[in-house]
Amino acid sequence: MNILVINCGSSSIKYQLINREKRKVLAKGLLEKIGEINSSQVHRIGGKVVKKQDEVANYEEGLKSILALLLDEKRGVIKDASEISAVGHRVVHGGEDFFHSVLIDDEVIKTIKSYISLAPLHNPPNLAGIKAARSLFPDVPQVAVFDTAFHQTLPEKAFLYALPYQYYEKYKIRRYGFHGTSHRYIAERAAKFLKKPLKELKIITCHLGNGCSITAIDKGKSIDTSMGFTPLEGLVMGTRCGDVDAAAALFLMEKENFTTAQMDNLLNKQSGLLGISGISNDLREVQKWVVKGDQRAKLALEVFVYRIKKYIGAYSAVLGGLDALIFSAGIGENEVNIRDKVCQGLEFLGVYLDEKKNRARSKASRFISTEKSPAKILVIPTNEEEMIAEETWRIVNKTVNGESGIVNSKKQTARYNSPELLK
Ligand code: ADP
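What counts and how
- Residues numbered from 1 in each chain as written.
- Predicted model: local features only at pLDDT ≥ 70, side-chain atom pairs only at ≥ 80, totals over all residues.
- Heavy atoms only, no water.
- Helix = DSSP H or I, 4+ residues; strand = E, 2+ residues; numbered from the N terminus.
- Rg over C-alpha atoms; globule rule 2.2 N^0.38 Å.
- Buried < 20%, exposed > 50% of the residue type's maximum accessible area, 1.4 Å probe, protein only.
- Contact = heavy atoms within 4.5 Å.
- Pairing = 2+ DSSP bridges.
- Axes fitted to C-alpha atoms, helices over the stretch in contact; angles between N-to-C directions.
- pLDDT = per-residue confidence, 0-100.
- Salt bridge = Lys/Arg side-chain N within 4 Å of Asp/Glu carboxyl O.
- Near = heavy atom within 4 Å.
- Polar contact = N/O pair within 3.5 Å; in protein donor to acceptor, adjacent residues only side chain to side chain.
- Nonpolar A, V, L, I, M, F, W, Y, C, P; charged D, E, K, R; others polar.
- Phe/Tyr/Trp six-rings, centres within 6.5 Å; stacked < 30°, edge-to-face > 60°.
- Patch = residues over 30% accessible without salt bridge, like charges linked within 9 Å, V, L, I, M, F, W, Y side chains within 5 Å.
- Areas by Shrake-Rupley, 256 points an atom, 1.4 Å probe, with all protein chains shown as cover.
- Lys, Arg positive; Asp, Glu negative; His and termini not counted.
- Charge placed at Lys NZ, Arg CZ, Asp CG, Glu CD.
- Parallel < 35°, antiparallel > 145°, perpendicular 65-115°, else oblique.
- Left-handed = near helix turned anticlockwise from the far one by under 90°.

Caption draft 1: Structural view of the overall build of the protein chain. Within the protein chain, the regular secondary structure consists of 16 helices and 14 strands. In terms of overall size, the protein chain behaves like a compact globule, its C-alpha atoms giving a radius of gyration of 22 Å where 423 residues would be expected to give roughly 22 Å. Its C-alpha atoms give the protein chain principal-axis dimensions of about 55 × 55 × 50 Å. Per-residue burial over the protein chain gives 50% buried out of 423 residues. At a minimum sequence separation of 6, the contacts of the protein chain that also span at least 24 residues come to 61%.

And the structure:
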């Protein structure tokens, strides 16, 4: 079964065509600058890189262009569009309605639309991608996989902010958490590695990329996570500040006469590693300047590491112990020094880093703790596309093959949110 995984950003389409049985990526690519004169496309198809530049007016044209390449006589990997059996969409915000992936129908689309105000930059392009794919593949089942879904198991005490309760009721202001597909994927992979069922494990997953978040996972369920109402809260990120006293933002708005949009830009785009170092949002760049002795770069790294460490302590307390600490994404998978600094001094939690294993370069999942470390430390490369494909396969199998076809959405939503599907 070939599954097309689509991740639509503000003017981009990232995709992978995955053959599930062979666990093989047949083609993948990125189409950027949709709506501009020179949209750029980079595809890796049948082991070769194909670059294109032409005008792509909208998401539907973008998908058509991708499909044409997949079907291309010379370079293509499928002979007919019917070889695509399902489409899996990354959807950022599913609010409180979806605690796992669902088959997309009109009702589901309406619900995703209702969360646009909570994810104005993400849900509209996600919806545009869904619309385009439905029109291009009208008979193919389409599945939405939500970034927020995995964190819907957070207990109230972890997701509620201590604001007047009426605003939770009125606007649904609460912690949602993001990167859920990644946290779930790495936790499941870790359990396989540890040769133990997830149900017996207390895990902390650190997704450290441009966006960073950390999650406490007890018996396979997310019980707390650092990102909140939006992906701004929690760890220090490339350009996002993470935790900050809300009063500091109010103070700045008053003193600097910032509008809401300016304040939003400052917190999301000018802070984090970039804000403190004044150099870059890219950790590799910041590290270069640390080596040159730049004090602000050094400080940026110290704050970055300290925040992660603080969360590991907090989440170990919340979990009541720790079986595995996992590093993933660009920084987590590659930055030896960051892993080293984060783990230093965590021996009291049973976390013992093996320096040699930590320094060994590898792209594979691996242990980096000492043999005797009570809590295991692992590096697990994340793969959100694989998880989306797997979810798409699971949902399609349960509904289209296993039961009486695609049912009406109300029933469907109720059924999809049933504990049975969480198994
Ligand atoms: P995104 O959240 O955009 O997917 P990534 O997971 O690619 O981000 O992570 C980007 C971050 O990882 C950057 O800060 C970058 O400096 C850091 N990084 C460190 N080493 C590497 C590497 N070898 N390859 C890619 N990113 C790396």
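Caption draft 2: Inspection of the sheet that holds strand S4 (residues 39-45) at higher detail. Spatial ordering of the open sheet is given by S5-S4-S3-S2-S1-S6-S8-S7, a layout of eight strands whose pairing is mixed. The sheet is open, and its two edges are formed by strand S5 (48-54) and strand S7 (102-103), each paired on a single side. Sheet analysis places strand S6 (residues 84-91) next to strand S8 (residues 142-146), joined by five bridges and oriented parallel. Following the sheet pairing, Gly88 is matched in S8 by Val143. Across the sheet, helix H3 (residues 123-136) touches strand S1 (2-8), S6 and S8, and the angle it forms with S6 is around 165°.

Caption draft 3: Here's a closer look at the confidence of the model for the protein chain. Here the protein chain shows a mean pLDDT of 92. Residues at 70 or above account for 94%. This model gives residues 401-423 a pLDDT under 50, and the stretch forms 44 contacts once residues within four places in sequence are excluded.

Caption draft 4: Fine view of the pattern of salt bridges. Here the structure, examined in full by the defined rule, presents 20 salt bridges. Across the pair Glu391 and Arg394 runs a salt bridge whose closest N-O atoms are separated by 3.0 Å. In this pair, Glu391 and Arg394 are both assigned in helix H15 (residues 384-401), three residues apart and thus about one turn of the helix distant. Each of Arg184, Glu188, Glu391 and Arg394 takes part in salt bridges that share partners, so that together they form one network.

Caption draft 5: Quick look at the pairing of strand S9 (residues 202-208). Counting buried positions along S9 gives six out of seven residues, so the element sits mostly inside the fold. Direction of pairing for S9 relative to strand S10 (residues 212-218): antiparallel, over a ladder of seven bridges. Bridge assignment links Lys202 to a residue of S10, and that residue is Asp218. The hairpin formed by S9 and S10 contains three residues between the paired strands. As paired strands, S9 and strand S12 (residues 324-328) are joined by five bridges and run parallel to one another. Bridged to Ile203 within S12 is Ala324.

Caption draft 6: Structural detail: the site of the ligand. What surrounds the ligand is the set Gly209, Asn210, Gly211, Asp282, Leu283, Arg284, Ala329, Gly330, Ile331, Asn334 and Glu335. At 3.1 Å, a backbone N or O of Leu283 approaches an oxygen atom of the ligand. Considering only residue class, the shell around the ligand consists of three nonpolar, five polar and three charged.

Caption draft 7: Just the packing of aromatic side chains, in detail. In this structure the tally under the stated criterion is seven aromatic pairs. Ring centres 6.4 Å apart and planes at 35° place the aromatic pair Tyr176 and Phe229 in the tilted group. Remark: Phe229 occurs in the loop between strand S11 (221-225) and helix H7 (246-256) and Tyr176 occurs in the loop between helix H5 (165-171) and helix H6 (180-194); sequence separation between them is 53 residues. The exposure class of Tyr176 is buried, given its relative accessible area of 0%.

Caption draft 8: Local environment of the side chain of Thr148. Structurally, the position occupied by Thr148 is in the loop between S8 and helix H4 (156-159). Apart from residues no more than four positions distant in its own chain, Thr148 is found in contact with Val92, His93, Gly94, Gly95, Tyr176, Gly177 and Phe178.

Caption draft 9: Structural view of the pairing of S11. Of all the five residues making up S11, four are buried; the element is thus mostly covered by neighbouring parts of the structure. The pairing of S10 with S11 spans four bridges and is antiparallel. Within S11, the residue paired with Asp218 across the bridge is Lys221. Adjacent in sequence and paired antiparallel, S10 and S11 are bridged by two residues, among which Lys219 carries a positive phi angle near 50°.

Caption draft 10: Inspection of the sheet that holds S9 at higher detail. Overall, mixed pairing links the six strands, which are arranged S11-S10-S9-S12-S14-S13 in an open sheet. Strands with a single pairing partner mark the edges of an open sheet, and in this sheet they are S11 and strand S13 (366-367). Sheet strands touched by H6: S9, S10, S12, S13 and strand S14 (376-379). Its angle to S9, the strand with the most contacts, is close to 130°. Of the strands in this sheet, S12, S13 and S14 touch helix H13 (residues 336-343), which is tilted by about 155° from S12.

Caption draft 11: Representation of a negative patch on the surface. Negative charge collects at one region of the surface, where Asp54, Glu55, Glu60 and Glu61 lie side by side. Within the fold, Glu60 resides in helix H1 (residues 59-71). For Glu60, a relative accessible area of 32% puts it in the partly exposed group.

Caption draft 12: View of the environment of Ala144. By secondary structure assignment, the location of Ala144 is in strand S8. Spatially, the C-alpha atoms of Ala144 and Gly88 are 6.0 Å apart, while their sequence positions differ by 56 residues. Those residues in contact with Ala144, other than ones at most four positions away along the chain, are His89, Val91, Ser101, Val102, Ile104 and Ile112.

Caption draft 13: The arrangement of the packing of H7 against helix H8 (residues 260-269) in detail. The N-to-C vectors of H7 and H8 enclose an angle of 130°; their axes lie 10 Å apart at closest approach. Relative to H8, the element H7 is oriented oblique. When you trace H7 past H8, the crossing you get is right-handed. From H7, Ala249, Leu252 and Met253 reach across to H8, where they touch Thr260, Met263 and Leu266.

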